[in-house]
Amino acid sequence: VVETYFDGFRQSDNERVLDCLTDDVVWDLPGYKHLAGKDAFDQEIENDEFVGSPTLTVDRTIEEGDTVVAIGNGETTHKSGEVRRFAFCDVFTFAGDKISRVESYLVPLAPTD
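No experiment lies behind these values; they were computed from the predicted model shown.

A. The arrangement of helix 3 (residues 38–45) in detail. Among the residues of helix 3, those classed as buried are Phe41, Glu44 and Ile45. All buried residues of helix 3 lie within an arc of 95° about the axis, which places them on one face of the element. Summarising the geometry of helix 3, the exposed residues directed more than 90 degrees from the buried face are Asp39 and Gln43. Summarising the contacts, the buried residues of helix 3 are in contact with helix 1 (2–10), helix 2 (14–18), strand 1 (21–29), strand 2 (33–36) and strand 6 (98–109).

B. Structural detail: the packing of aromatic side chains. Taken as a whole and judged by the stated rule, the model has 8 aromatic pairs. Consider the rings of tyrosine 5 and phenylalanine 9, whose centres lie 5.1 Å apart with planes at 65°: the pair is edge-to-face. In this pair, tyrosine 5 and phenylalanine 9 both sit in helix 1, 4 residues apart, roughly one turn of the helix. Phenylalanine 9 sits in the buried class, given a relative accessible area of 18%. Their ring planes at 50° and their centres at 6.4 Å tell us that phenylalanine 86 and phenylalanine 88 sit as a pair that is tilted. Looking at phenylalanine 86, the relative accessible area reads 16%, which means it is buried. According to the relative accessible area criterion, phenylalanine 88 is buried, its value standing at 5%.

Reading the values: rules and limits
Residues numbered from 1 in each chain as written. Predicted model: local features only at pLDDT ≥ 70, side-chain atom pairs only at ≥ 80, totals over all residues. Heavy atoms only, no water. Buried < 20%, exposed > 50% of the residue type's maximum accessible area, 1.4 Å probe, protein only. Helix = DSSP H or I, 4+ residues; strand = E, 2+ residues; numbered from the N terminus. Arc of directions from axis to C-beta. Contact = heavy atoms within 4.5 Å. Phe/Tyr/Trp six-rings, centres within 6.5 Å; stacked < 30°, edge-to-face > 60°.

Listed below in structure tokens is the structure:
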């Protein structure tokens, strides 16, 4: 499910992402936003500040019980044309076979030349 979730982001396939989530999903982005519900999640991933699909690389995952942690890096293009690079650690909590909570810890990285 986590692989499908990331593939949905990589392909800008919002329905694919949303299909991985419970209706009452919670998405915490510490220092940025707290979102509750699939509609709020959908509005955030439809963010018009960015263009194209992000590049996301998952370096490793750790699983225990109903939790999966994915650690990696990525980049996205702001509508200004600026490429923004970041490292991430996403903590997914499951309810059955759906993601019920996502905690996304994002760290901006310096641009490459």
